[in-house]
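Fold and geometry: a report
Each chain is listed here by its residues.
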Amino acid sequence: MANSITITGGKGDFRLKSYIPQIYSPKLREKFWYNTILRKITNSEFKGQFKNKGDTIIVRCMPDIGTSRYVDGMKLKYQKPESYDIQFKIDKGLYYAFVVSDVQKAFSDIPNWAEKWTDDGGKQLAQDWETWFFKDIGSGTKADAANIGRTAGAISASYDLGVTGTPVSLYKSDAAAAAGTAYNSGDKTTPMELITRVAATLDEQKGGAGASKFVIVPVWMTQVLQNSEVFQSADKMGDDVSILRKDAVTSIGKVAGLDVYVSNLLPKTQLGATTRYEYPIIFGDNSAITFADEVSITEVLRDKSVVGDFHRSLQIADWMVRYPERFGVAFVTKGA
């Protein structure tokens, strides 16, 4: 509310109320977004192969060809290779839509503000796609059985990656882990040890030649990593600078052969009535999951009943786990 201004003199006082106009700055408050990494950890091998929501792509799989030992003079036995296929249905969509009246455009002091809203909507779409993706993939239900659980490892079955409700508690040192309290009798260890476990789990699986291996961790886990003794020393890590000098917003570099990506979009689940949360740590390589997002429509429409522009954008996309053996999920919590 405007202040009253009193002017004295003459026969009386004149009080000027509500005559001071509000002043709006043409400078908008900047809006920030979380970094997204979806395209770094997936592939787009089906690019251009679908046109609409509900389209299905049939992917044929290589048959298994067995070998047999040969003895001189023996009669060869011929196999009849049998192939199978998997189906990839594009069935997810996100959109934004808003209306701008002609009156708003005529009297606005901000130039091209409808374009600013459109840019904002596009960034929100990218963030929402990634949030949806992590929630789905982070459940672990689509990963190979040998890449999840407390006995992960296709060959050794010896890596404790935690399970939902009994995550691995992470501490900055072995001593802190030994003194800490694990949630629900889960395992206790360091982030470094956890990352080497997921790397070993992935290495026990077939495939991966030429693919980019990764692990995705929450920000608090990088903080624990940066405070561990082994990570603070550049020479021990084989880096030119210590991890404390690195920008951990998107990536902190490689650990155990994996690109360590940092994300604030990983889902979290409260552990019982405590103040602790459980997070999925997603790992794998970019051959495992295909992300398809060919259909993207952005347009401006006019309507007879409304004097203004209708802005809208629709994106149709989906993802498919083609090689479940090439990705996995660990479940962790911050040690207490």
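Up top you'll find the structure we're talking about.
The present account deals with the structure reproduced in this document. (Residues numbered from 1 in each chain as written. Predicted model: local features only at pLDDT ≥ 70, side-chain atom pairs only at ≥ 80, totals over all residues. Heavy atoms only, no water.)

1. Here we look at the packing of helix α5 (residues 191-203) against helix α6 (residues 219-226)
- Taken N-terminus to C-terminus, the directions of α5 and α6 make an angle of 115 degrees; their axes are 9 Å apart at the nearest point. Regarding the angle of α5 to α6, the classification is roughly perpendicular. Where α5 approaches α6, its residues P191, M192, L194 and I195 are matched on the opposing element by M221, V224 and L225.
- When grouped by side-chain class, the residues that make up the contact of α5 with α6 number seven nonpolar, no polar and no charged. (Axes fitted to C-alpha atoms, helices over the stretch in contact; angles between N-to-C directions. Helix = DSSP H or I, 4+ residues; strand = E, 2+ residues; numbered from the N terminus. Parallel < 35°, antiparallel > 145°, perpendicular 65-115°, else oblique. Contact = heavy atoms within 4.5 Å. Nonpolar A, V, L, I, M, F, W, Y, C, P; charged D, E, K, R; others polar.)

2. Things to note about the pattern of salt bridges
- The final tally for this structure, using the stated rule, is 14 salt bridges.
- K213 is the partner of D203 in a salt bridge, and the nearest nitrogen-oxygen pair spans 3.2 Å. Of this pair, D203 sits in helix α5 while K213 sits in strand β8 (residues 213-217), and the two are 10 residues apart along the sequence.
- Where D285 meets R326, a salt bridge forms, and the shortest distance between an N and an O atom there is 2.7 Å. Taken together, the positions of D285 in strand β12 (residues 277-285) and R326 in the loop between β14 (306-321) and β15 (327-334) put the pair 41 residues apart, joining distant regions of the chain. This pair shows no difference in class: D285 is buried, exactly as R326 is.
- When salt bridges with common partners are traced through the structure, they connect D102, R302 and D309 into a single cluster. (Salt bridge = Lys/Arg side-chain N within 4 Å of Asp/Glu carboxyl O. Buried < 20%, exposed > 50% of the residue type's maximum accessible area, 1.4 Å probe, protein only.)

3. A word on the packing of aromatic side chains
- Following the criterion strictly, the structure yields 10 aromatic pairs and no others.
- Their ring planes at 45 degrees and their centres at 5.6 Å tell us that F46 and F88 sit as a pair that is tilted. Taken together, the residues span a long stretch of sequence, with F46 in the loop between α1 (38-41) and β3 (56-61) and F88 in strand β4 (residues 84-89) at a distance of 42 residues.
- Accessibility expressed as a relative area gives 2% for F88, which makes it buried.
- Seen in terms of ring centroids, W129 and W132 are 5.6 Å apart; in terms of plane orientation they differ by 5 degrees. Their pairing is stacked. With a gap of three residues between them, W129 and W132 both fall in helix α3 (residues 113-137), about one helical turn apart.
- Accessibility expressed as a relative area gives 4% for W129, which makes it buried.
- W132 sits in the partly exposed class, given a relative accessible area of 33%.
- Among the aromatic residues, those joined into a cluster by ring pairs are W129, W132, F133, F134, F291 and W319.
- Lying across the ring of W319, K92 places its NZ or CZ 4.6 Å from the centre.
- Here the basic side chain of K268 rests over the ring of Y277, its NZ or CZ set 4.3 Å away from the ring centre. (Phe/Tyr/Trp six-rings, centres within 6.5 Å; stacked < 30°, edge-to-face > 60°. Lys NZ or Arg CZ within 6 Å of the ring centre and 35° of its normal.)

4. What to know about unusual backbone geometry
- Unusually for a residue other than glycine, S185 sits at a positive phi of about 60 degrees.
- Relative to the elements of secondary structure, S185 occurs in the loop between α4 (174-179) and β7 (188-189).
- The backbone of A256 shows a phi angle near 55 degrees, a positive value even though the residue is not glycine.
- Along the chain, the position of A256 falls in the loop between β9 (251-255) and β10 (258-262).

5. So, the layout of surface pockets
- Roughly 460 Å³ of internal volume is contained in the largest pocket.
- Around the largest pocket, the lining is made up of 14 residues, and of these C61, M62, Y84, Y323 and E325 lie nearest the centre.
- Taken together, the elements giving at least two residues each to the lining of the largest pocket come down to β3 and β4.
- Looking at the lining of the largest pocket element by element, the count peaks at three residues for β3.
- Looking at the lining of the largest pocket, its residues break down into nine nonpolar, no polar and five charged. (1 Å grid on protein atoms, 1.4 Å probe; cavity = no way out; pocket = protein on both sides within 12 Å on 5 of 7 lines; lining within 4 Å. Points joined across faces, edges and corners; volume = space filled by probe spheres on them.)

6. Details of the environment of K53
- Mapping K53 onto the fold places it in the loop between α1 and β3.
- Taking the C-alpha atoms as reference points, K53 and I316, separated by 263 residues in sequence, lie 6.1 Å from one another.
- When near neighbours in sequence (up to four residues on either side) are disregarded, K53 contacts I90, D91, K92 and I316.

7. A word on a nonpolar patch on the surface
- Taken together, the side chains of Y70, V71, M74, L76 and Y78 define a hydrophobic patch exposed on the protein surface, amounting to about 600 Å² of accessible area.
- Relative to the helices and strands, M74 resides in the loop between β3 and β4.
- Accessibility expressed as a relative area gives 36% for M74, which makes it partly exposed. (Patch = residues over 30% accessible without salt bridge, like charges linked within 9 Å, V, L, I, M, F, W, Y side chains within 5 Å. Areas by Shrake-Rupley, 256 points an atom, 1.4 Å probe, with all protein chains shown as cover.)

8. What to know about the environment of G308
- On the secondary structure map, G308 appears in strand β14.
- Residue G308 is classed as buried on the basis of its relative accessible area of 0%.
- Sequence spacing of G308 and D102 is 206 residues, and the spatial spacing of their C-alpha atoms is 4.7 Å.

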